[in-house]
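Here is what each chain is made of, one letter per residue.
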Amino acid sequence: MMMRKIYIILLLLGFALPMCMQSCSTTETDAFGNERFLYFERQVKRYVSELSYEWERVDTAVISVTHYPGEEVIEHPFRVVLIGDTLQEDQEYRVTIVDTLTSVKEGMVTYPEKLYFRKGMVMDTLWMTIHADKVEKNKEFYITLRLIANENFAVGYRGYSDVKLRFNNKASRPGWWDDRVIEVYLGPWSEKKFETFVLATGLTSFEGMAAGEMRLYSLRMKEYVAENNVTEADGSPMIIPIY
């Protein structure tokens, strides 16, 4: 008789335990599903060929205002990612400046006073604007923004809550002026050559261009150099290798 009672109790527990676990699991899932989290995209794939790629950090940007001659403002995007259900209407999110990781002076960098994650989106953009005329010559500055929780969003993955924008007013070779551009199109970079490139072509970059377009503009620059007897700053010939 005793054994039969024990068997019945164990049988009842066998039914009750899975039901309890299912109930607890559902409650936790529902609670998570009703919350939304934001984080900054940290890295993206950049394909270096059809078959290979490398990871590139995108939560930190380095910009030289000298690469944007004539531009009064330079905008840079950082991508904000949503965890949770998409929004039915735009919702405000918040960031704060991390003072210990910031050196900018007043007016150098701005971003919208109120930031909104748009409805129906799983990824949105925070735009930061550098005011080039405020950036002192030959100096470097930086600003760090951090996501903070509000009534609409919690903060997502640890380590993905900050973005940093570094910028300077120093002459330097832009990233697009790579080994291929040096070897085939424009030759070694110099400050004088970059200024000549802008004057001759009306461009500030080869980014996003096909090989044919780069060749066309390189030939245009080569003709400009020849017609105007342009030399390097030290008086040496300005070499443009394209032919």
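Look up a bit, the structure's there.
Note that the coordinates shown come from a computational prediction; the quantities given were computed from them, not determined experimentally.

Asker: How would you explain the overall build of the protein if you had to name every residue and give the values?
Answerer: Looking only at helices and strands, one finds four helices and twelve strands in the protein. Taking all 243 residues of the protein together, the buried fraction comes to 31%. Long-range pairs, those at least 24 residues apart, make up 67% of the contacts in the protein with a sequence separation of at least 6.

Asker: Please provide a residue-by-residue account of the packing of aromatic side chains, values included.
Answerer: Per the counting criterion, the structure on display carries twelve aromatic pairs. On the numbers, 4.8 Å between centres and 55 degrees between planes, the contact of Y39 with Y157 is tilted. Here Y157 lies in the loop between β11 (154–155) and β12 (162–168) and Y39 lies in strand β1 (residues 37–40), a separation of 118 residues in the sequence. A residue is classified by how much of its surface remains accessible, and Y39, at 16% relative accessible area, is buried. Aromatic side chains Y39 and Y160 sit 5.9 Å apart centroid to centroid with 85 degrees between the ring planes, which places their arrangement in the edge-to-face category. Highlighted residues: Y39 in strand β1 and Y160 in the loop between β11 and β12, separated in sequence by 121 residues. Taken together, W176, W177, Y185, F194, F197 and F206 form an aromatic cluster joined through their ring pairs.

Asker: Can you explain the side chain of N168? Please cite residues and give values.
Answerer: In this fold, N168 is placed in strand β12. In terms of polar contacts, N168 uses its side chain to reach the side chain of S64, at 3.2 Å. Beyond its immediate chain neighbours, meaning those up to four positions away, N168 contacts I63, S64, V65, V135, K139 and E140.

Asker: So what's going on with the sheet that holds strand β10 (residues 140–148)? Which residues, and what values?
Answerer: If you trace the five strands from one edge of the open sheet to the other, you get β4-β12-β10-β6-β8, paired in mixed fashion. Strand pairing shows two members of the sheet lacking a second neighbour, β4 (60–64) and β8 (115–117), which therefore form its edges. Neighbour-to-neighbour, the strand axes of this sheet turn through a mean angle of 30 degrees, independent of strand direction. Strand direction decides the pairing type here: β10 and β12, joined by seven bridges, are antiparallel. For T144, the partnering residue across the bridge sits in β12 and is K164.

Asker: Explain helix α4 (residues 211–228) to me, and be specific about the residues and the numbers.
Answerer: When the terminal C-alpha atoms of α4 are compared, their 26 Å separation across 18 residues agrees well with the 26 Å that a helix rising 1.5 Å per residue should span. The complete set of buried residues in α4 reads M214, Y217, S218, M221 and V225. The arc that holds the buried residues of α4, viewed along the axis, is 105 degrees, so those residues lie on one side. Exposed side chains of α4 directed beyond 90 degrees from the buried face belong to G212, A226 and E227. Its buried side turned inward, α4 meets α2 (179–185) and α3 (191–201).

Asker: Give a detailed account of the packing of α3 against α4, specifying residues and quantitative values.
Answerer: At a minimum axis distance of 9 Å, the contact between α3 and α4 shows a crossing angle of 105 degrees. The orientation of α3 relative to α4 falls into the category roughly perpendicular. Counted together, K193, T196, F197, L199, A200 and T201 of α3 and Y217, R220, M221, Y224 and V225 of α4 form the full contact between these two elements.

Asker: Describe the sheet that holds strand β7 (residues 109–110), and please don't skip the residues or the numbers.
Answerer: Across the sheet, which stays open at both edges, the five strands sit in the order β7-β9-β5-β1-β11 with mixed pairing between neighbours. At either end of the open sheet lies a strand with only one pairing partner, and these are β7 and β11.

Rules behind the numbers
- Note that residues are indexed from 1 along each chain, following the sequence as it is written.
- In keeping with the predicted nature of the model, local features appear solely for residues at pLDDT of at least 70, side-chain atom pairs appear and are counted solely at 80 or more, and the whole-chain, interface and lining totals rest on all residues.
- Side-chain metrics rest on all non-hydrogen atoms present in the structure, leaving aside hydrogens and water.
- Strands are runs of DSSP state E lasting at least two residues, helices are runs of H or I lasting at least four, and both sets are numbered from the N terminus onward.
- Relative accessible area decides the class of each residue, using a 1.4 Å probe on protein chains only: under 20% of the type maximum gives buried, over 50% gives exposed, and in between gives partly exposed.
- Note on definitions: a residue-residue contact is assigned when non-hydrogen atoms from the two residues lie within 4.5 Å.
- Planes of paired rings set the category: under 30 degrees apart is stacked, over 60 is edge-to-face and the rest tilted, where pairs are Phe, Tyr or Trp rings (Trp by its six-membered ring) whose centres lie within 6.5 Å.
- Pairs of N or O atoms are called polar contacts if they sit within 3.5 Å, as long as, within protein, a hydrogen donor faces a hydrogen acceptor (for residues adjacent in sequence, only side-chain-to-side-chain pairs).
- Strand pairing is defined by DSSP finding a minimum of two bridges between the two strands.
- In this description, a line fitted to the C-alpha atoms serves as the axis of each element, helices being fitted only across the stretch in contact, and the angle between N-to-C directions of two axes falls anywhere from 0 to 180 degrees.
- For a helix, the expected span equals 1.5 Å multiplied by the residue count minus one.
- The directions considered for the arc run from the helix axis to the C-beta atoms.
- Roughly parallel means an angle under 35 degrees; roughly antiparallel means over 145; roughly perpendicular covers 65 to 115; every other angle is labelled oblique.

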